[in-house]
Every structure is written in C-alpha cells, then in structure tokens.
Amino acid sequence: MRSFLVAIMMAVAMSFVACGQREKPDEALIAAHQYYDSLLAGKYSYFIRATYLADTIPDSYREQLETNLKMFIGRMKDEHKGICGVRPLSCVHDTASQSANAFLLLTFCDSMKEEVVIPMVYRRGRWLMK
C-alpha cells in the first residue's frame, strides 16, 4: 500500500513539472505563417517587404514580384480551387548563422495538401524570408 501511495505522489509531482515546462512559440515559424496568411489575404506588398533585403529591390522589380504573386494565387485557384489555409508545422534553426527553415502545410480547396519549406533569416530584430 505504501509503494502504491508513493507511485501516485510521484505521478502527481511529474504532472506538475510537465505543466511548468511549456515551450515558447517559435518566432520564425510564427513569422512565416503570418507572411503566408498575408499572401492569401492579397497583401502582396507586405509579403514582399517581409523578404530579406526588400529595401534594395528597385520599384520596377517590386511590381514584377507583385504581379508574379498575383499570377501564382490565380494559378492555384485554377489548379486547386485556391489555397484554403496555411498551418505551421515545425522549424529547424541554425543558431550560428541566425537562420531557420520554417515548414508550413498548405491546404488546397480541392483537398490536396503540400508541405513547403520557407528559409528564414533573423535581421534587425525580426525574422524575414530569404
């Protein structure tokens, strides 16, 4: 009976310890998810500004990038009836180069799914897409 009581007390103590060790959300993964949500919302200029060295892109090239994003979303609507959602999966960090690979799951409206990897880099206090 005594060993049973000790086992129960250990289980309760372990559950309290497990509850206290919550992982903090991965900022690179959250940023990549936010950027792709903005792409689906049609905020193409925000999506482009979220790329590394976006401030060095000439205006003519920025317009071409926005046109390409619109064409990509249009093609996804034609081929898959659009993208219904984006779900964050995981993130792998390289602390030496302050970079990461964020994995997202794109869910298409025709029930297809595709996992994509978004290379990210940490610059000036925020995560940007490479």
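All figures in this text were calculated on a predicted structure; none of them were measured in a lab.

Colleague: Any chance you could break down the pattern of salt bridges for me, citing the residues and the numbers?
Modeller: Across all of its chains, the model carries 2 salt bridges by this definition. Here Asp-55 and Arg-124 are joined by a salt bridge, their closest N and O atoms 4.0 Å apart. In this pair, Asp-55 sits in the loop between α3 (44-49) and α4 (59-80) while Arg-124 sits in the loop between β3 (113-123) and β4 (126-129), placing the two residues 69 residues apart along the sequence. What makes Asp-55 exposed here is its relative accessible area of 56%. Arg-124 sits in the exposed class, given a relative accessible area of 75%.

Colleague: How would you sum up the nonpolar core? Please name residues and give values.
Modeller: Grouped together as the largest cluster of nonpolar side chains are 31 residues, with contacts concentrated most on Tyr-35, Tyr-36, Leu-104, Ile-118, Met-120 and Met-129. Secondary-structure elements contributing two or more residues to this core are α2 (27-40), α3, α4, β1 (83-94), β2 (99-108), β3 and β4. Here this core gets 7 residues from one element, more than from any other, and that element is α2. Not counting the four nearest positions on each side in its chain, Leu-104 is found in contact with Leu-29, Ala-32, His-33, Tyr-36, Val-86, Arg-87, Pro-88, Leu-89, Glu-114, Glu-115, Val-116 and Ile-118.

Colleague: An account of the side chain of Arg-62 is needed here, citing residue identities and associated values.
Modeller: Tracing the backbone through its elements, the reader meets Arg-62 in helix α4. Buried within the structure, Arg-62 lacks any salt-bridge partner; Asp-59 is the closest side chain of opposite charge, at an N-O distance of 4.1 Å. Here Ala-54 takes part through its backbone oxygen, which lies 3.1 Å from a polar atom of the side chain of Arg-62. Leave out the neighbours within four places in its chain, and Arg-62 touches Ile-48, Ala-54 and Ile-57.

Colleague: Describe the packing of aromatic side chains, listing the residues and the values that go with them.
Modeller: Going through the model one piece at a time under the given rule, you end up with 3 aromatic pairs. Here Tyr-122 and Trp-127 contribute two aromatic rings whose centre-to-centre distance is 5.2 Å and whose plane-to-plane angle is 55°, an arrangement assigned as tilted. Residue classification places Tyr-122 among the partly exposed positions, given a relative accessible area of 28%.

Colleague: Lay out the sheet that holds β3 in plain terms, naming residues and giving numbers.
Modeller: The strand order across the open sheet formed by 4 strands is β1-β2-β3-β4, and the pairing between neighbours is antiparallel. Looking at strand neighbours, the two that pair on one side only are β1 and β4, the edges of this open sheet. Shown here is a sheet whose adjacent strand axes are inclined to one another by a mean of 35°, direction ignored. Relative to β4, β3 runs antiparallel, the two being bridged by 4 bridges.

Colleague: Explain the side chain of Ser-38 residue by residue, including any values.
Modeller: Residue placement: Ser-38 occurs in helix α2. A polar contact of 2.5 Å, which involves the side chain of Ser-38, links it to the backbone oxygen of Tyr-35. When neighbours within four sequence positions are excluded, Ser-38 is seen to be in contact with Lys-43, Tyr-46 and Phe-47.

Colleague: Tell me about the state of the cysteines, and please be specific about residues and values.
Modeller: Counted by the stated rule, this structure contains 1 disulfide. Here Cys-84 engages in a disulfide with Cys-109; their sulfurs sit 2.1 Å apart. In this pair, Cys-84 sits in strand β1 while Cys-109 sits in the loop between β2 and β3, placing the two residues 25 residues apart along the sequence.

Basis of the calculations
- The residue numbers shown here count from 1 along each chain, following its written sequence.
- Per-residue local features of the predicted model are confined to residues with pLDDT of at least 70, and side-chain atom pairs are confined, for both listing and counting, to 80 or more; whole-chain, interface and lining totals are unaffected and use all residues.
- Calculated side-chain values reflect all of the structure's heavy atoms, with hydrogen atoms and water omitted.
- What makes a salt bridge here is a side-chain nitrogen of Lys or Arg within 4 Å of a carboxyl oxygen of Asp or Glu, nothing more.
- Labels follow the DSSP assignment, with helices taken as runs of H or I lasting at least four residues and strands as runs of E lasting at least two, numbered in each case from the N terminus.
- The buried label applies to any residue whose accessible area, calculated with a 1.4 Å probe on protein chains only, is under 20% of its type's maximum; exposed applies above 50%, and partly exposed to all values in between.
- The criterion is simple. A nonpolar core is a set of buried Ala, Val, Leu, Ile, Met, Phe, Trp, Tyr and Cys residues joined through side-chain atoms within 4.5 Å.
- The contact criterion used is simple: two residues touch if any of their non-hydrogen atoms lie within 4.5 Å.
- For the purpose of counting charges, residues Lys and Arg are taken to be positive, whereas Asp and Glu are taken to be negative. His and the chain ends are not included.
- Polar contact criterion, stated in full: a pair of N or O atoms within 3.5 Å, where within protein one must be able to donate a hydrogen and the other to accept it, and residues adjacent in sequence count only if both atoms are side-chain atoms.
- Two rings from Phe, Tyr or Trp (for Trp, the six-membered ring) form a pair when their centres sit within 6.5 Å of each other. Planes less than 30 degrees apart are called stacked, planes more than 60 degrees apart edge-to-face, and all others tilted.
- Any two strands are treated as partners once DSSP identifies two or more bridges connecting them.
- Axis definition: a line fitted to C-alpha atoms, over the contacting stretch in the case of helices. Angles run 0 to 180 degrees between N-to-C directions.
- Working definition: a disulfide is two cysteine sulfur atoms within 2.5 Å of each other.

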